[in-house]
Amino acid sequence: MCDTPVVRGFVAGVRASIGAAPSPEAACEAIRPRFAELLDDPDWLPDDFRESAPESGMGGGIGQWLLFRASDASLSLFSLVVPPGAQTPVHDHLAWGLVGLYRGTQDEEIFAERDGGLELLERRSLRPGDFYALLPPRDDIHRVRTTSDETSVSIHLLTNDTGCVWRHAYDPESGRRTPFRSGYVNVACDE
Ligand SMILES: [Fe+2]
(Lines give C-alpha, C1' and ligand atoms only; values in the text may rest on other atoms or scores of the structure.)
Protein backbone atom coordinates (compact mmCIF):
# COMPACT_ATOMS: atom_id res chain seq x y z
CA MET A 1 0.00 0.00 0.00
CA CYS A 2 1.02 3.64 -0.13
CA ASP A 3 1.34 5.10 3.33
CA THR A 4 2.35 8.71 2.64
CA PRO A 5 1.21 12.00 4.20
CA VAL A 6 -0.76 12.90 1.04
CA VAL A 7 -2.62 9.58 0.95
CA ARG A 8 -3.23 9.63 4.71
CA GLY A 9 -4.56 13.19 4.54
CA PHE A 10 -6.75 12.40 1.55
CA VAL A 11 -8.26 9.31 3.18
CA ALA A 12 -8.89 11.15 6.46
CA GLY A 13 -10.74 13.88 4.56
CA VAL A 14 -12.74 11.33 2.60
CA ARG A 15 -13.77 9.49 5.75
CA ALA A 16 -14.88 12.73 7.38
CA SER A 17 -16.93 13.61 4.29
CA ILE A 18 -18.57 10.18 4.16
CA GLY A 19 -19.33 10.29 7.88
CA ALA A 20 -21.01 13.68 7.60
CA ALA A 21 -22.93 13.08 4.35
CA PRO A 22 -26.58 11.98 4.31
CA SER A 23 -26.23 10.00 1.07
CA PRO A 24 -23.63 8.61 -1.35
CA GLU A 25 -24.48 11.46 -3.77
CA ALA A 26 -23.79 14.05 -1.09
CA ALA A 27 -20.59 12.30 -0.05
CA CYS A 28 -19.30 12.31 -3.65
CA GLU A 29 -20.16 15.99 -3.93
CA ALA A 30 -18.25 16.74 -0.72
CA ILE A 31 -15.21 14.72 -1.81
CA ARG A 32 -14.98 16.34 -5.29
CA PRO A 33 -12.61 19.23 -4.45
CA ARG A 34 -10.23 16.92 -2.61
CA PHE A 35 -10.29 14.39 -5.46
CA ALA A 36 -9.65 17.11 -8.05
CA GLU A 37 -6.66 18.26 -6.03
CA LEU A 38 -5.24 14.72 -5.96
CA LEU A 39 -5.56 14.40 -9.76
CA ASP A 40 -3.91 17.80 -10.17
CA ASP A 41 -0.90 17.02 -8.03
CA PRO A 42 1.83 15.49 -10.28
CA ASP A 43 4.04 14.25 -7.45
CA TRP A 44 2.13 12.26 -4.84
CA LEU A 45 1.88 8.89 -6.64
CA PRO A 46 5.13 6.88 -6.34
CA ASP A 47 6.53 5.37 -9.56
CA ASP A 48 5.78 1.79 -8.47
CA PHE A 49 2.07 2.55 -8.60
CA ARG A 50 2.32 3.78 -12.20
CA GLU A 51 3.70 0.48 -13.54
CA SER A 52 1.88 -1.92 -15.81
CA ALA A 53 1.79 -5.58 -14.73
CA PRO A 54 2.54 -8.48 -17.12
CA GLU A 55 0.62 -10.92 -14.90
CA SER A 56 -2.64 -9.36 -13.86
CA GLY A 57 -6.22 -10.22 -13.07
CA MET A 58 -7.43 -7.68 -15.62
CA GLY A 59 -5.27 -9.10 -18.44
CA GLY A 60 -3.52 -6.97 -21.08
CA GLY A 61 -0.70 -6.01 -18.72
CA ILE A 62 -3.11 -3.88 -16.73
CA GLY A 63 -1.87 -3.11 -13.23
CA GLN A 64 -4.25 -2.53 -10.35
CA TRP A 65 -2.27 -1.20 -7.39
CA LEU A 66 -3.77 -0.85 -3.94
CA LEU A 67 -2.91 2.47 -2.27
CA PHE A 68 -5.17 2.23 0.76
CA ARG A 69 -7.78 -0.16 2.08
CA ALA A 70 -9.93 0.27 5.19
CA SER A 71 -9.61 -2.59 7.66
CA ASP A 72 -13.35 -3.23 7.41
CA ALA A 73 -13.15 -3.25 3.57
CA SER A 74 -15.57 -0.30 3.37
CA LEU A 75 -13.18 1.85 1.32
CA SER A 76 -10.34 1.35 -1.13
CA LEU A 77 -8.08 3.67 -3.10
CA PHE A 78 -6.17 2.21 -6.04
CA SER A 79 -4.47 3.13 -9.29
CA LEU A 80 -5.32 1.34 -12.53
CA VAL A 81 -2.50 1.36 -15.07
CA VAL A 82 -3.49 0.51 -18.64
CA PRO A 83 -0.71 0.20 -21.29
CA PRO A 84 -1.10 1.95 -24.67
CA GLY A 85 -3.76 0.22 -26.78
CA ALA A 86 -4.77 -2.16 -23.96
CA GLN A 87 -8.37 -2.42 -22.84
CA THR A 88 -10.05 -3.74 -19.70
CA PRO A 89 -12.76 -6.38 -19.94
CA VAL A 90 -16.28 -5.00 -19.59
CA HIS A 91 -16.73 -5.09 -15.81
CA ASP A 92 -18.71 -3.76 -12.87
CA HIS A 93 -17.61 -2.42 -9.46
CA LEU A 94 -20.59 -2.98 -7.13
CA ALA A 95 -19.86 0.12 -5.05
CA TRP A 96 -20.18 3.88 -5.26
CA GLY A 97 -17.24 6.26 -5.38
CA LEU A 98 -15.16 8.48 -7.63
CA VAL A 99 -13.02 7.56 -10.63
CA GLY A 100 -10.69 9.97 -12.39
CA LEU A 101 -7.87 10.09 -14.90
CA TYR A 102 -4.41 11.01 -13.68
CA ARG A 103 -2.08 10.31 -16.64
CA GLY A 104 -2.56 9.59 -20.35
CA THR A 105 -5.88 9.55 -22.17
CA GLN A 106 -8.65 6.95 -22.27
CA ASP A 107 -11.82 6.15 -24.14
CA GLU A 108 -14.54 4.78 -21.94
CA GLU A 109 -17.69 2.89 -22.89
CA ILE A 110 -20.56 2.69 -20.41
CA PHE A 111 -23.11 -0.11 -20.58
CA ALA A 112 -26.35 -1.07 -18.89
CA GLU A 113 -28.01 -4.48 -18.62
CA ARG A 114 -31.13 -4.63 -20.78
CA ASP A 115 -33.29 -7.66 -21.53
CA GLY A 116 -30.52 -10.09 -20.68
CA GLY A 117 -28.00 -8.26 -22.87
CA LEU A 118 -25.79 -5.19 -22.67
CA GLU A 119 -26.71 -1.84 -24.16
CA LEU A 120 -23.98 0.70 -24.90
CA LEU A 121 -25.21 3.90 -23.25
CA GLU A 122 -22.34 6.29 -23.76
CA ARG A 123 -18.83 6.71 -25.09
CA ARG A 124 -16.61 9.35 -23.60
CA SER A 125 -13.01 10.46 -23.89
CA LEU A 126 -11.11 11.23 -20.71
CA ARG A 127 -8.17 13.53 -20.20
CA PRO A 128 -6.05 13.99 -17.07
CA GLY A 129 -8.10 15.70 -14.39
CA ASP A 130 -11.44 14.39 -15.69
CA PHE A 131 -13.41 12.44 -13.12
CA TYR A 132 -16.92 11.32 -12.30
CA ALA A 133 -19.00 9.89 -9.49
CA LEU A 134 -19.93 6.26 -9.92
CA LEU A 135 -23.30 5.64 -8.28
CA PRO A 136 -24.49 2.10 -9.10
CA PRO A 137 -26.41 1.07 -11.00
CA ARG A 138 -25.58 4.28 -12.92
CA ASP A 139 -22.23 4.03 -14.72
CA ASP A 140 -21.34 0.78 -12.94
CA ILE A 141 -20.63 -1.31 -16.06
CA HIS A 142 -17.88 -0.08 -18.33
CA ARG A 143 -14.61 -0.74 -20.07
CA VAL A 144 -11.70 1.60 -20.67
CA ARG A 145 -9.01 1.65 -23.32
CA THR A 146 -5.84 3.71 -23.36
CA THR A 147 -5.64 6.02 -26.37
CA SER A 148 -2.35 7.77 -25.51
CA ASP A 149 1.18 6.63 -26.41
CA GLU A 150 1.95 6.56 -22.69
CA THR A 151 0.25 4.23 -20.21
CA SER A 152 -2.85 5.69 -18.67
CA VAL A 153 -3.23 5.86 -14.90
CA SER A 154 -6.62 6.34 -13.31
CA ILE A 155 -7.36 6.77 -9.63
CA HIS A 156 -10.29 4.93 -8.07
CA LEU A 157 -11.86 5.68 -4.72
CA LEU A 158 -14.61 3.14 -4.08
CA THR A 159 -16.60 2.08 -1.05
CA ASN A 160 -15.67 -1.58 -1.14
CA ASP A 161 -12.47 -3.58 -1.47
CA THR A 162 -12.87 -3.53 -5.25
CA GLY A 163 -9.89 -5.71 -6.14
CA CYS A 164 -10.92 -8.48 -3.76
CA VAL A 165 -14.70 -8.62 -4.07
CA TRP A 166 -16.24 -11.04 -6.52
CA ARG A 167 -17.82 -8.91 -9.20
CA HIS A 168 -18.56 -9.53 -12.87
CA ALA A 169 -16.92 -9.43 -16.27
CA TYR A 170 -19.28 -9.31 -19.26
CA ASP A 171 -19.19 -10.54 -22.80
CA PRO A 172 -20.08 -7.32 -24.67
CA GLU A 173 -21.83 -9.20 -27.49
CA SER A 174 -24.02 -11.66 -25.58
CA GLY A 175 -24.14 -9.77 -22.29
CA ARG A 176 -23.29 -13.00 -20.51
CA ARG A 177 -21.68 -12.25 -17.16
CA THR A 178 -19.07 -14.32 -15.37
CA PRO A 179 -17.73 -14.03 -11.81
CA PHE A 180 -14.58 -11.95 -11.79
CA ARG A 181 -12.05 -10.98 -9.14
CA SER A 182 -9.32 -8.66 -10.38
CA GLY A 183 -7.03 -8.77 -7.35
CA TYR A 184 -4.24 -6.24 -6.78
CA VAL A 185 -0.70 -6.50 -8.06
CA ASN A 186 0.86 -5.60 -4.72
CA VAL A 187 -1.51 -6.95 -2.06
CA ALA A 188 -3.17 -10.35 -1.68
CA CYS A 189 -6.85 -10.96 -1.07
CA ASP A 190 -7.99 -13.11 1.85
CA GLU A 191 -9.57 -16.36 0.76
FE1 LIG B 1 -13.69 0.07 -13.77
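Scroll up to find the structure.
Residues numbered from 1 in each chain as written. Predicted model: local features only at pLDDT ≥ 70, side-chain atom pairs only at ≥ 80, totals over all residues. Heavy atoms only, no water.

### With respect to the coordination of the iron ion
On the protein side, the iron ion has His-91 (NE2), His-93 (NE2) and His-142 (NE2) as donor atoms, found 2.1 Å from it. In primary-sequence terms, the residues that donate to the iron ion follow H-x1-H-x48-H. Separated by 49 residues along the polypeptide, His-93 in the loop between β3 (90–91) and β4 (97–103) and His-142 in strand β8 (residues 141–146) bring together distant segments of the chain. Residue classification places His-93 among the buried residues on the basis of a relative accessible area of 1%. (Donors = N, O, S within 2.8 Å, 3.2 Å for Na, K, Ca; no water. Helix = DSSP H or I, 4+ residues; strand = E, 2+ residues; numbered from the N terminus. Buried < 20%, exposed > 50% of the residue type's maximum accessible area, 1.4 Å probe, protein only.)

### Observations concerning the packing of aromatic side chains
Aromatic ring pairs are defined here through the distance separating the ring centres and the angle between the ring planes. Counted under the stated rule, the structure contains 5 aromatic pairs. Seen in terms of ring centroids, Phe-49 and Trp-65 are 6.1 Å apart; in terms of plane orientation they differ by 70 degrees. Their pairing is edge-to-face. Taken as a pair, Phe-49 in the loop between α2 (24–40) and β1 (63–69) and Trp-65 in strand β1 lie far apart in primary sequence, 16 residues in all. The ring of Tyr-102 is capped by Arg-103, whose NZ or CZ atom sits 4.4 Å from the centre of that ring. When the ring centre of Tyr-132 is taken as reference, the NZ or CZ atom of Arg-124 above it lies at 4.2 Å. (Phe/Tyr/Trp six-rings, centres within 6.5 Å; stacked < 30°, edge-to-face > 60°. Lys NZ or Arg CZ within 6 Å of the ring centre and 35° of its normal.)

### So, helix α1 (residues 5–20)
Its 16 residues give α1 an end-to-end C-alpha distance of 23 Å, which sits within 8% of 22 Å, the value for a rise of 1.5 Å per residue. Looking at α1, one finds that the buried residues are Val-7, Phe-10, Val-11, Gly-13, Val-14 and Ser-17. Taken around the axis of α1, the buried residues stretch over an arc of 165 degrees, which confines them to a single face. Facing away from the buried surface of α1 by more than 90 degrees, the exposed residues are Pro-5, Gly-19 and Ala-20. Its buried side turned inward, α1 meets α2, β1, β2 (76–82) and β9 (152–158). (Expected span 1.5 Å × (residues − 1). Arc of directions from axis to C-beta. Contact = heavy atoms within 4.5 Å.)

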